[in-house]
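# Close look at the chain arrangement
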Protein chains: 2
Amino acid sequence: MTSSTLLLAFEDERALAEELAAALAVPLAFVRVHRFPDGELRLVLPKPLPARVILLRGLQQPNDKLVELLVAAPAAREFGARELLLVSPYLAYMRQDMEFTPGEVVSQRHIARLLAAHFDRVLTIDPHLHRIASLDEVMPPGVGVALSAAPVLGAWIAKHVPDALLIGPDEESSQWVSEAALAGALDHAVGRKVRHGDHQVTLALPDCEVRGRAVVLLDDMASTGRTLIGSAEQLLARGASSVDVAVTHALFNGDALPLLKAAGVRQVWSSNSVPHESNAVSVVPLLTQALVDA
Amino acid sequence: MTSSTLLLAFEDERALAEELAAALAVPLAFVRVHRFPDGELRLVLPKPLPARVILLRGLQQPNDKLVELLVAAPAAREFGARELLLVSPYLAYMRQDMEFTPGEVVSQRHIARLLAAHFDRVLTIDPHLHRIASLDEVMPPGVGVALSAAPVLGAWIAKHVPDALLIGPDEESSQWVSEAALAGALDHAVGRKVRHGDHQVTLALPDCEVRGRAVVLLDDMASTGRTLIGSAEQLLARGASSVDVAVTHALFNGDALPLLKAAGVRQVWSSNSVPHESNAVSVVPLLTQALVDA
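All values reported here derive from a predicted model rather than from experimental measurement.

Right, let's get into the nonpolar core. One finds L45, L115 and F119 of chain A together with L45, L115 and F119 of chain B to be the most contacted residues of the largest nonpolar core, which totals 90 residues. Not counting chain neighbours up to four residues away, the residues in contact with L45 of chain B comprise P102, G103 and V105 of chain A together with L8, V31, A72, A75, A76 and F79 of chain B.

Okay, structure coming up:
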């Protein structure tokens, strides 16, 4: 990184921002955000800005943050940034990737295009691309960079649960789960998700022996946690010796975490892509490598 | 309007939408919106869409609604709309119109450009343009259309408070207040706003006799209502026989309305640009005329 690079971040991601700035050896500054009673946001950026600005903004609970990005990006260019990179460890709206019912808005495509129109590069981690192979299908080629936290999660699990059996949620996650398994030299299998609505997803577990096994349920994200809870209960009923959970993105909306514990899940680990008490593995080395290469 | 026009609206603006569709004699349909626990929105539009689509969406509490518009607009074009008009009776972010402190993002400009990039026309009412003369300064010429509810508010007041003295908040509102006064053949004057923060705005009242007068405080919007409350108290202390309030946009965040009543304000009237219990005057004739001309 040159001295003409600045990492710009938001206060609610301070820990991740400080770790990333130190790893990149670039200065760090924060966007000041004020919320008015009428719901409008006022943003203040440092000024002037250097030629290269890396904006760190995860998009968990995304709408306010999207609006922030869409006004901050053109302002950053006015204030001197010639190259503007977005590091969005969690990228929202990526699951809305097809017209499930007629007239349904495929927000994945529109949100991706909006971000690509405002940033020169968009780096993210495990963006849940199930029906498309790469961000290049929804952004101009070369703009989107999708990194994977599977290897670091796999290595973490191997260190803490040496003979773990990794179980992923569905066939679409198969390659991702096998990368984690490879990194940790662990057994793995995938189930099949059956979705009945926002809160109702059941997992058909894979047809392998779990009796006496230390199972780690692996997924790219946990939101309501309902799939994981149902799976943990099934696994324990089928004789698993323990069930832990490891996810990249710890969204954990509502009462997800206490319910996971109540269902018998022993430990919950996540990457720090989304700030959360379960954060155990850092994505900073991944991001740093990608940014040095970018 | 031709049969190839559809008015598309959102459920929380159903009354205004029904009135506008009837006045335009065009069919009305609603965007179905679902909110996921992780804060993402899923939108479903009618499909296919006719050649001309008028999307009605006021931007009070704007951020979720802005994201809705930014994904709904490209989807509407995919579903057949060739001309896409936004009717946003209340347009947000228009007060953030200069860099009050160094580095402050001038969101007015960026939000206006975003909307202009997604819609062929943007119609709004009383968009609080204090430092710019017209929407043409922040949108490509001809895209933005700003209508004024001042005349209909003035006429309403004249009917209900025949000898009212209209008082506007500041010099910048002078022309707007005089339009209302003209429509109602009423006396008018303007004060001077002194802003100390979000909630602290005091009004220096105009130097005219208010003793025994039925005063109507007029403003383009009421948010926290603090300016109006302070003004009403001053006016009653100076002997005004009554104080009513009339605004275009009834944002009335938090406890604004009960506090206005507690301060001695007799009646609060607003246009129906923002759905609210105080709605007394309809903006539909204004919008209809502009849409027929558009």
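For the rest of this paragraph, the subject is the environment of E179 of chain A. Residues and elements named next belong to chain A. Considering the arrangement of structural elements, one finds E179 in helix α5 (residues 174-184). Separated by 102 residues in sequence, E179 and R77 place their C-alpha atoms 38 Å apart. Not counting residues within four places of it along the chain, the set of residues in contact with E179 comprises S148, A150 and P151.

A word on the domain arrangement of chain A. By convention, interface size is frequently given as the accessible area that disappears when the constituent parts associate. All names here are of chain A. Per the domain assignment, the segments making up chain A are domain 1 (5-148 + 282-293) and domain 2 (150-272). With centres defined by C-alpha atoms, the gap from domain 1 to domain 2 works out at 27 Å. Each side of the interface is counted separately: domain 1 has 14 residues, and domain 2 has 15 residues. Approximately 1300 Å² of surface area, both sides summed, lies buried where domain 1 meets domain 2, with 51% of it carried by carbon and sulfur atoms. Together, D126, H130 and S148 form the three largest contributors to the area buried by domain 1 at its contact with domain 2, with a combined 38%. Counting every contact that joins domain 1 to domain 2 gives 0 salt bridges.

Glancing now at the sheet that holds strand β15 (residues 279-281) of chain A. Residues and elements named next belong to chain A. Strand order across the open sheet formed by 6 strands is β9-β8-β12-β13-β14-β15, with parallel pairing between neighbours. At either margin of the open sheet sits one strand with a lone partner, and together these are β9 (187-190) and β15. Adjacent strand axes in the sheet meet at a mean angle of 35 degrees when their direction is disregarded. Packed on one face of the sheet, helix α6 (residues 226-237) meets β8 (165-168), β12 (214-222) and β13 (242-250) and runs near 170 degrees to β12.

Below, the discussion takes up unusual backbone geometry. Here the residue pair K47 of chain A and P48 of chain A is connected by a cis peptide bond, since its omega of 0 degrees sits within 30 degrees of zero. Although it is not a glycine, Y93 of chain B adopts a positive phi angle of roughly 65 degrees. Counting through the fold element by element, Y93 of chain B comes out in the loop between β5 (83-88) and α3 (107-118). A relative accessible area of 2% means that Y93 of chain B is categorised as buried. If you check the backbone angles, F252 of chain B has positive phi at about 40 degrees while not being a glycine. The residue F252 of chain B is located in the loop between β13 (242-250) and α7 (256-262) in this model. The exposure class of F252 of chain B is buried, given its relative accessible area of 8%.

Conventions adopted
- Residues numbered from 1 in each chain as written.
- Chains lettered and ligands numbered in written order.
- Predicted model: local features only at pLDDT ≥ 70, side-chain atom pairs only at ≥ 80, totals over all residues.
- Heavy atoms only, no water.
- Core = buried A, V, L, I, M, F, W, Y, C linked by side-chain atoms within 4.5 Å.
- Buried < 20%, exposed > 50% of the residue type's maximum accessible area, 1.4 Å probe, protein only.
- Contact = heavy atoms within 4.5 Å.
- Helix = DSSP H or I, 4+ residues; strand = E, 2+ residues; numbered from the N terminus.
- Domains from an automatic or database assignment.
- Buried area = accessible area lost by both parts, 1.4 Å probe.
- Salt bridge = Lys/Arg side-chain N within 4 Å of Asp/Glu carboxyl O.
- Pairing = 2+ DSSP bridges.
- Axes fitted to C-alpha atoms, helices over the stretch in contact; angles between N-to-C directions.

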